[in-house]
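# Structure at a glance
Here's the letter readout for the chains.
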Amino acid sequence: MSDGEQKLTVRVTIFGEEYPIRSDMGEEYTRACARHVDDIVQQAHVQGQVVEPHKAAVLAALQITDELFRERDERQRLSDSVLERLQELRTRVDEATDDADRSLPTEG
């Protein structure tokens, strides 16, 4: 959305509570985010046998943060791998170019 557009308010339900969420990311995206949070809170509630909503929310936040950190690490690993391959290609191109330059006849 451009700066001139208003944020959309989307009503979502997380762990039985309704929240109005202001977002410029669109209704479908906002609802998908809320569903993910609700799923993780519900899992924390059921698996951890946590009764208090705030404790389930904290456990869910930790799990979501773990997901985020793992994805960041994977992205960095992939980025490092791509950079390494690019450097290898650059070296091979430089070597091929040097070999080609040496094989050219010189004017004399």
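Going by the structure above, here's the rest.
Quick summary incoming for the structure in this document. This one's a predicted model, so the numbers in the text were calculated from it and none came from an experiment.

## Examining the pattern of salt bridges
One side chain can pair with another of opposite charge once the charged atoms of both are near each other. Inspection of every chain in the model, using the stated rule, returns four salt bridges. When the shortest N-O distance is used, the salt bridge between Arg11 and Glu18 registers 2.5 Å. In this structure, the salt-bridge partner of Arg70 is Asp66, at a minimum N-O distance of 2.9 Å. With Arg70 and Asp66 both in helix H2 (residues 53-103) and four residues apart, the pair spans about one turn of that helix. Judged by relative accessible area, which is 35%, Asp66 ranks as partly exposed.

## Notes on the nonpolar core
Ranked by size, the top nonpolar core spans ten residues in total: Val10, Val12, Ile14, Phe15, Ala34, Ile40, Val41, Val50, Ala56 and Ala60. For this core, the secondary structure elements donating two or more residues are strand E1 (8-14), helix H1 (27-47) and H2. The contacts of Ala60, once residues within four sequence positions are left out, are Ile40, Val41 and Ala44.

## Digging into the packing of H1 against H2
Relative orientation and spacing of two packed helices are given, respectively, by the angle between their axes and the distance between those axes. Put simply, H1 and H2 touch, their axes get as near as 8 Å, and they point 120° apart. Our classification of the angle between H1 and H2 gives oblique. Seen along the crossing, H1 lies across H2 with a hand that is right-handed. Residues His36, Val37, Ile40, Val41, Gln43, Ala44 and His45 of H1 pack against Ala56, Ala57, Leu59, Ala60, Gln63, Ile64 and Glu67 of H2. For the contact of H1 with H2, the residue count by class is nine nonpolar, four polar and one charged.

What counts, and at which threshold
Residues numbered from 1 in each chain as written. Predicted model: local features only at pLDDT ≥ 70, side-chain atom pairs only at ≥ 80, totals over all residues. Heavy atoms only, no water. Salt bridge = Lys/Arg side-chain N within 4 Å of Asp/Glu carboxyl O. Helix = DSSP H or I, 4+ residues; strand = E, 2+ residues; numbered from the N terminus. Buried < 20%, exposed > 50% of the residue type's maximum accessible area, 1.4 Å probe, protein only. Core = buried A, V, L, I, M, F, W, Y, C linked by side-chain atoms within 4.5 Å. Contact = heavy atoms within 4.5 Å. Axes fitted to C-alpha atoms, helices over the stretch in contact; angles between N-to-C directions. Parallel < 35°, antiparallel > 145°, perpendicular 65-115°, else oblique. Left-handed = near helix turned anticlockwise from the far one by under 90°. Nonpolar A, V, L, I, M, F, W, Y, C, P; charged D, E, K, R; others polar.

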